[in-house]
Amino acid sequence: MEAPRLYSTKRVQSLKPTKKIPLEEDPTKASDALPLPLHLTNAVFFTLFFSVVYFLLSRWREKIRTSTPLHVVTFSEIIAILAFFASFIYLLGFFGLDFVQSLVFRPSPDVWIAEDEEEENEVLLAKEDARKVPCGQALDCLLPPLPPAAPIVTAQKVFDEKPVTVLTEEDEEIIKSVVAGTTPSYSLESKLGDCKRAAAIRREALQRLTGKSLSGLPLDGFDYESILGQCCEMPVGYVQIPVGIAGPLLVNGREYSVPMATTEGCLVASTNRGCKAIHLSGGATSVLLKDGMTRAPCVRFGTAKRAADLKLYLEDPDNFETLSVVFNRSSRFGRLQGIKCAIAGKNLYIRFTCSTGDAMGMNMVSKGVQNVLDFLQTDFPDMDVIGISGNYCSDKKPAAVNWIEGRGKSVVCEVIIKGDVVRKVLKTSVESLVELNMLKNLTGSAMAGALGGFNAHASNIVAAIYIATGQDPAQNVESSHCITMMEAVNEGKDLHISVTMPSIEVGTVGGGTQLASQSACLNLLGVKGASKETPGANARMLATIVAGAVLAGELSLMSAIAAGQLVKSHMKYNRSSKDVSKGSS
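Every chain is numbered on its own, with residues counted from 1 as its sequence reads. Where local features are concerned, this predicted model is filtered to residues with pLDDT of at least 70; where side-chain atom pairs are given and counted, the filter is 80 or more; whole-chain, interface and lining totals use all residues. For side-chain calculations, the full set of non-hydrogen atoms in the structure is used, while hydrogens and water are omitted.

Draft legend 1. Representation of the overall build of the protein. We count a stretch as a helix when DSSP gives it H or I for four or more residues in a row; a strand needs E for two or more, and each element gets its number in order from the N terminus. Within the protein one finds 18 helices and eleven strands. Residues counted as buried form 41% of the 585 residues belonging to the protein. In the protein, the proportion of contacts linking residues at least 24 apart, taken out of those at least 6 apart, comes to 73%. Where accessible areas are quoted, they stem from the Shrake-Rupley method and a 1.4 Å probe; at the residue level, only the protein chains shown are allowed to cover. For the protein, the accessible surface area stands at approximately 32,800 Å², while carbon and sulfur atoms represent 60% of it. Burial classification: accessible surface area is computed with a 1.4 Å probe over protein chains only, and a residue below 20% of its type maximum counts as buried, one above 50% as exposed, and the rest as partly exposed. Whether two residues touch is decided by their heavy atoms; if any such pair falls within 4.5 Å, the residues are in contact.

Draft legend 2. Spotlight on the side chain of Arg351. Examined against the element boundaries, Arg351 turns out to sit in strand 6 (residues 347-355). Buried within the structure, Arg351 lacks any salt-bridge partner; Glu405 is the closest side chain of opposite charge, at an N-O distance of 5.2 Å. At 3.4 Å, the side chain of Arg351 forms a polar contact with the backbone oxygen of Gly406. Only four residue types enter the tally: Lys and Arg on the positive side, Asp and Glu on the negative side; His and the chain ends are excluded. In what follows, salt bridge is the name for a side-chain nitrogen of Lys or Arg lying within 4 Å of a carboxyl oxygen of Asp or Glu. The term polar contact refers here to a pair of N or O atoms within 3.5 Å; inside protein, the definition further demands a hydrogen-donor-capable atom paired with an acceptor-capable atom, and it admits residues adjacent in sequence only when both atoms are side-chain atoms.

Draft legend 3. Region of the structure containing the pairing of strand 1 (residues 243-251). Burial analysis of strand 1 places seven of its nine residues in the buried class, the great majority of the element. The sheet contact formed by strand 1 and strand 2 (residues 254-261) spans seven bridges and is antiparallel. Directly across from Ala246, in strand 2, lies its bridge partner Val258. Count of turn residues in the strand 1/strand 2 antiparallel hairpin: two residues, of which Asn252 carries a positive phi of about 55°. The criterion for strand pairing is that DSSP finds at least two bridges linking the strands in question.

Draft legend 4. Quick peek at the packing of aromatic side chains. Each aromatic pair joins two rings of Phe, Tyr and Trp (for Trp, the six-membered one) with centres within 6.5 Å, and gets the label stacked for planes under 30 degrees apart, edge-to-face for over 60, and tilted for any other angle. In the structure shown here, the tally under the stated rule is ten aromatic pairs. Both rings, one in Phe84 and one in Phe85, keep their centres 5.5 Å apart while their planes meet at 70°; by these two values the pair is edge-to-face. Taking 6.3 Å as the distance between ring centres and 75° as the angle between the ring planes, the aromatic pair formed by Phe301 and Phe380 counts as edge-to-face. With Phe301 in the loop between strand 4 (298-300) and helix 8 (304-314) and Phe380 in the loop between helix 10 (362-379) and strand 7 (384-387), the pair connects residues that are 79 residues apart, well separated along the chain. You'll find Phe301 and Phe380 in the same group, each marked buried. Taken together through their ring pairs, the aromatic side chains of Phe49, Phe50, Phe84, Phe85 and Phe88 make up a single cluster.

Draft legend 5. Layout of unusual backbone geometry. Cis geometry marks the peptide bond from Gly247 to Pro248, where omega comes out at 10°. Structurally, Pro248 can be placed in strand 1. That bond from Cys393 to Ser394 is cis: its omega, -5°, falls within 30 degrees of zero. Of note, Ser394 is situated in the loop between strand 7 and helix 11 (400-405). The residue Met234 is not glycine, and still its phi comes out positive at about 50°. Tracing the backbone through its elements, the reader meets Met234 in the loop between helix 6 (195-210) and strand 1. With phi around 65°, Lys396 is a residue other than glycine that occupies positive phi space. One can find Lys396 in the loop between strand 7 and helix 11.

Draft legend 6. Quick peek at the side chain of Gln518. Tracing the chain through its elements places Gln518 in helix 16 (residues 516-525). In this structure Gln518 comes out as buried when scored by relative accessible area, which is 18%. Setting aside anything within four residues of it in sequence, one finds Gln518 in contact with Ile467, Ala468, Thr469, Gly470, Gly512 and Thr513.

By themselves, these figures tell us nothing about what the structure is for.
Have a look at this one:
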């Protein structure tokens, strides 16, 4: 099933300021000229104005025809002139002065421009999203009834949260002990048994110690119990990152609404344009090439010969089955796939690769590696384990071993973009894109000595999806290894574009995936939790979605550069009009 596209065309609250009239101002209005209803008063003066104008023009035309001087007026003409001035003054007072006041008292033009652009974008999105799509896999389509809406407060919105106030004497004593250093800040959760209270006390103690306010950092509205012992230690609040939706992204015949958490303007909009181009061209195809997480301990011997002996033992196929049994004891899902060794003098680096189910799997593979090291200690008692990780893995660092051998999920994703779509949606040409890709992503990256960076901005999309879905953001380093290829096909009419990403490290269980917001984003994609039918299927699907989104992002950004739109779009959508020079320290 496909993920539905939800949008709203109704504005919740108008942001236009209301006009305020000082108390000492005279409340008399032009419409009070006659003791009649407003519409009747207007009708009278409108009729009077046009009647006398017609009468005077007729009289003056008659005088011109009979050669009568214009300054010679009759009594009826005097009355008509007075009526003309009276009606003109009324209409000017009723319409003209209100118009002038609206010019004087209206807010800054930037406010109206921003609102007009918002309304225009909403209309365009509403038209674009008008078609209906089925609901997403594993996504509850029947939403629970919404709670009664809170009353809208029209007063000026205050963005900074009020400082946390600790009311009880007991809390005050604990704060003083934390400030004095007698109570460790990290022990508050275990001592108090209340994670929210511990965070509030730690926050207040931190403010007193530093003399700096944390009023802009939210505290309420977060489940601190959910992060205890697994996500974040010593919390004092949480950071808000907006989440946008790009899509629908059509990959392997299925549509996905891709959540992206980012503070960079244009990123979601650009990726969304790429998704549109892919969709109009029939969708992308994504293939998973490898699936295996790695861990590489470093061990040392007294001689290089002993290190070589262990290398030959580990890489001997006859010993692999025994090592697999030892390794696989650590988990129901962790299964050893291979061992690759590298020797440096008397130091040996052993790179274990194993499947990890729907988990990203770093802890899983580390436990299996520890089992093998303990087993090897019997036959190699002179082996000295320097570290469970010797950087030959390689985790959270740009490394050629990941670019060549792969780590996590290795994925290739491709699509043929029709020539009409290139011209009408991407606003460029196939020839321009192919040339730009060769000179920028390939030649330019080679000139820079790039390692896995033969792309336009793969890390942008990877980081945004990782944050939204609870992945480890630091693994964006190797997960963004990507080479973007473009080629003119079908006699040069269409564009073939592909992204090859050898080390996408994702999971749908464990870590930050269990948090409410991140879990909701995974649910939107239909990959929440572990797959009950095929272990690892959800994590593999998430990896293909990441590759598809990167494909969309590459396509759109390269088109913007080829068409000379990059700077213009960022100046329009990625510039803040807020005066940050007046911010408090």
